[in-house]
Every structure is written in structure tokens, then in C-alpha cells.
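Each chain is listed here by its residues.
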Amino acid sequence: MPTVAQALPELQSLLDEITAEPLTPEAADGLIDIFKQVSAASIDDQLETLVDPLFRLAEARETRAFVPVCEFLSLIEPGGYQVDFGTVVTELLSGILVNIFDGNTESLATLVLAREVDDYVRSSALSAMVRLTLSGAIERSDTERVIVALPQTSPDAESVLWHSWPIAVSILKLHELAPMIERALSGSDIVEAEETLAKFRIDMAPRSGTVDVDDTPEFPPFTTAAAARGRLRDLTDMFDKLIRLITESRADDQAGRTVRRALVQQEYGNLAVETVTNDYRHIGRNDPCPCGSGKKHKKCCLN
């Protein structure tokens, strides 16, 4: 099976041909074949190369790509990608899967429940499943079955799935599953469990009207490849600026500590430093005073 790297010349040539043109069935076949050829051995270093093919297939609503893309996503190991592809997974993948969905609920369910798959990929697949349920493309009973089975895949305490899981229940208003969420999050060691549970209770409160699938902020739709590229570019710029600010802040802190140490050394450098200890630190206020007076410590030497 060819690796992504071996398929790159073919992929780049294909992308050059279709960059400004609507995706023809022949071009779509070429892009789909790339995903069929991906092997687990080389996937991690080449993911960014596959971003634009994903965008083009989603823009064209190419349902023939659904199963190959799901199989490709199942090869991604936890955390096995760079920042750009991570942004695609967290911000755009749900909409991509919705656009190319071919009715194969089982492929999507398998991706959500696969323990070996990256948790953010699984979370986006769950988001897609919920959105497709809201639109009527997936039966509620099928999505409910996946939601019930999800905790049995044993996500770790820091997994994003513990947060997307209650969101799925609240969006679909599956009130019969609320006790399950309550039991899982109450008093658990899951990160931010209390905050997640509080939000879940608010979201499950009765509201007037119905859920509009296009107004569900957790599951933004995928519109065009150009819009997706712009979104990816904006988010990447934002993350770069955030990282730069954090780095500069740490540098400022380090510089400040260096200056303070220099000033202390200049002011007190010639003084001997004596370690001060409290010999009475283990004696309680109501314990006998160690001086031997017979009084309580608080009534004697403590004063």
C-alpha cells in the first residue's frame, strides 16, 4: 500500500488542476483514492497535505468519500497531528462529515466508539452524528445507542469526550439519559466535571420552541472550501498570537526575576543568611506548654 508521501506528487498535481474549478466526478475519484491509499505507517507527518482534499470533497458534498474518510480518520493516533490539522479536527471536521455523509450510520458510530482513535476526532464524529440526527438523516435511537455506549469505551479523566457527551444529550433533549450523565459526573475525578454538570443542567431545562439545526453553535456547518481555508487561517493566526503572547509573558517574568535577584544580591549580598526554624511548630494551642509550666501552650509561651 502506498504511503501518503509516495502519493504526494499525484495529489499535488490533482490539486493544481482543480484549485479554481468545481470538483468533477473524475477529480473526486482521484481525491477519494488518496484517502483509500493512506497507510497508518506514514499518516502522522503528512496530515496537513490532506486538509484541502477534505475541504474540496466536503464542498462538493461527495458522499462516496464518507467511508474512506472515516477509515482514514480511524488511523489517526491520539495527538498524532500538528496544530493546523488539530484545528481542522476541532473546528471543521464535524461539518465535513455532515456534508459527505452517505447514510452509513454504522461507520460514524464505529468512529465515535473506537478507543484507539484520537479523542478529538471521536468528539467531532459525535457532533456530526448529533447534527445529522437533528436534521433527520440519522435515527434518534441509533444516536442514543452510541451515547449510552460511549462511557464504556473508558475515556480518561481529561478526555474532551466527557464534555461533548453531555452536550449531545442536552442538544437532543434525551431526558431519559440525564440520570446517566448525573451519575457519571457527580463527584467524579473528570476534569471540570462540576462545571460541565452545571452547564448540562441548565441546557436540559425546559425551553419554548424547537432546536434549529443551523443555529446550534456546537456544530457549525461546513459551507465552502474557501470559507474553511479562511477559518483555518484565522484560527491559526489567533493561536500563533496567543502562543507568542504566552512566550513573551514568560520571558518578561524571567527577566523580572533576574532583575529582582540582582537587586537583592546587591543590597544584601554581604549579609550572612540564617535559616530560621520554629521549634514549636508541631505543638497545638491546647497542648501542654513545652516550658514545663503545666499550662496550656496558648496561655503560656505562645503569648
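The structure under discussion appears in the preceding block.
Keep in mind the model is a prediction, meaning the values are calculated, not measured.

Enquirer: So what's going on with helix H11 (residues 193-204)? Residues and values would help.
Expert: In a regular helix each residue adds 1.5 Å, so 12 residues correspond to 16 Å; H11 covers 16 Å between its end C-alpha atoms and thus fits that length. The complete set of buried residues in H11 reads Ala193, Thr196, Leu197, Phe200, Asp203 and Met204. The arc enclosing the buried residues of H11, seen along the axis, measures out at 125°, which places them on a common side. Summarising the geometry of H11, the exposed residues directed more than 90 degrees from the buried face are Glu194, Glu195 and Ile202. Where the residues of H11 are buried, they touch helix H9 (161-172) and helix H10 (178-185).

Enquirer: Any details on the side chain of Thr143? Residues and values, ideally.
Expert: Relative to the assigned elements, Thr143 resides in helix H8 (residues 140-149). The class for Thr143 is buried, based on a relative accessible area of 0%. Ignoring any residue separated from it by four or fewer positions in sequence, one finds Thr143 in contact with Met129, Thr133, Ile138 and Leu172.

Enquirer: An account of the nonpolar core is needed here, citing residue identities and associated values.
Expert: Counting 71 residues, the largest nonpolar core has Phe55, Phe72, Leu73, Phe85, Ile96, Leu97 and Ile147 as the members making the most contacts within it. Of the residues forming this core, the biggest block, 9 residues, is contributed by helix H5 (residues 83-100). In this view, Phe85 contacts Leu47, Glu48, Val51, Leu54, Phe72 and Ile76; residues no more than four positions away in its chain are not counted.

Enquirer: Give me the lowdown on the pattern of salt bridges, citing residues and values where you can.
Expert: This structure, assessed with the given rule, holds 7 salt bridges. Taking the shortest distance from any N to any O, the salt bridge between Arg64 and Asp29 comes out at 2.4 Å. Taken together, the residues span a long stretch of sequence, with Arg64 in the loop between helix H3 (51-59) and helix H4 (66-73) and Asp29 in helix H2 (residues 25-37) at a distance of 35 residues. Judged by relative accessible area, Arg64 falls into the partly exposed class, the value being 42%. Of the charged contacts in the structure, one is a salt bridge between Arg64 and Glu62, with a shortest N-O distance of 2.8 Å. Using a relative accessible area of 13% as the deciding quantity, one classes Glu62 as buried. Taken together, the shared-partner salt bridges connect Asp29, Glu62 and Arg64 into one network.

Enquirer: So what's going on with the packing of aromatic side chains? Residues and values would help.
Expert: The relative placement of two aromatic rings is captured by the distance of their centres and the angle of their planes. Within the structure shown, the criterion is met by 3 aromatic pairs. For the pair Phe35 and Phe72, a centre-to-centre distance of 5.0 Å together with 65° between the ring planes defines the contact as edge-to-face. Placement of Phe35 in helix H2 and of Phe72 in helix H4 is noted, with a sequence separation of 37 residues between them. The residues Phe35 and Phe72 share a single accessibility class, namely buried. Here the aromatic rings of Trp162 and Trp165 are separated by 5.5 Å at their centres, their planes lie at 80°, and the arrangement is edge-to-face. Of this pair, Trp162 and Trp165 both sit in helix H9, separated by 3 residues, roughly a single helical turn.

Basis of the calculations
- Residues numbered from 1 in each chain as written.
- Predicted model: local features only at pLDDT ≥ 70, side-chain atom pairs only at ≥ 80, totals over all residues.
- Heavy atoms only, no water.
- Helix = DSSP H or I, 4+ residues; strand = E, 2+ residues; numbered from the N terminus.
- Expected span 1.5 Å × (residues − 1).
- Buried < 20%, exposed > 50% of the residue type's maximum accessible area, 1.4 Å probe, protein only.
- Arc of directions from axis to C-beta.
- Contact = heavy atoms within 4.5 Å.
- Core = buried A, V, L, I, M, F, W, Y, C linked by side-chain atoms within 4.5 Å.
- Salt bridge = Lys/Arg side-chain N within 4 Å of Asp/Glu carboxyl O.
- Phe/Tyr/Trp six-rings, centres within 6.5 Å; stacked < 30°, edge-to-face > 60°.

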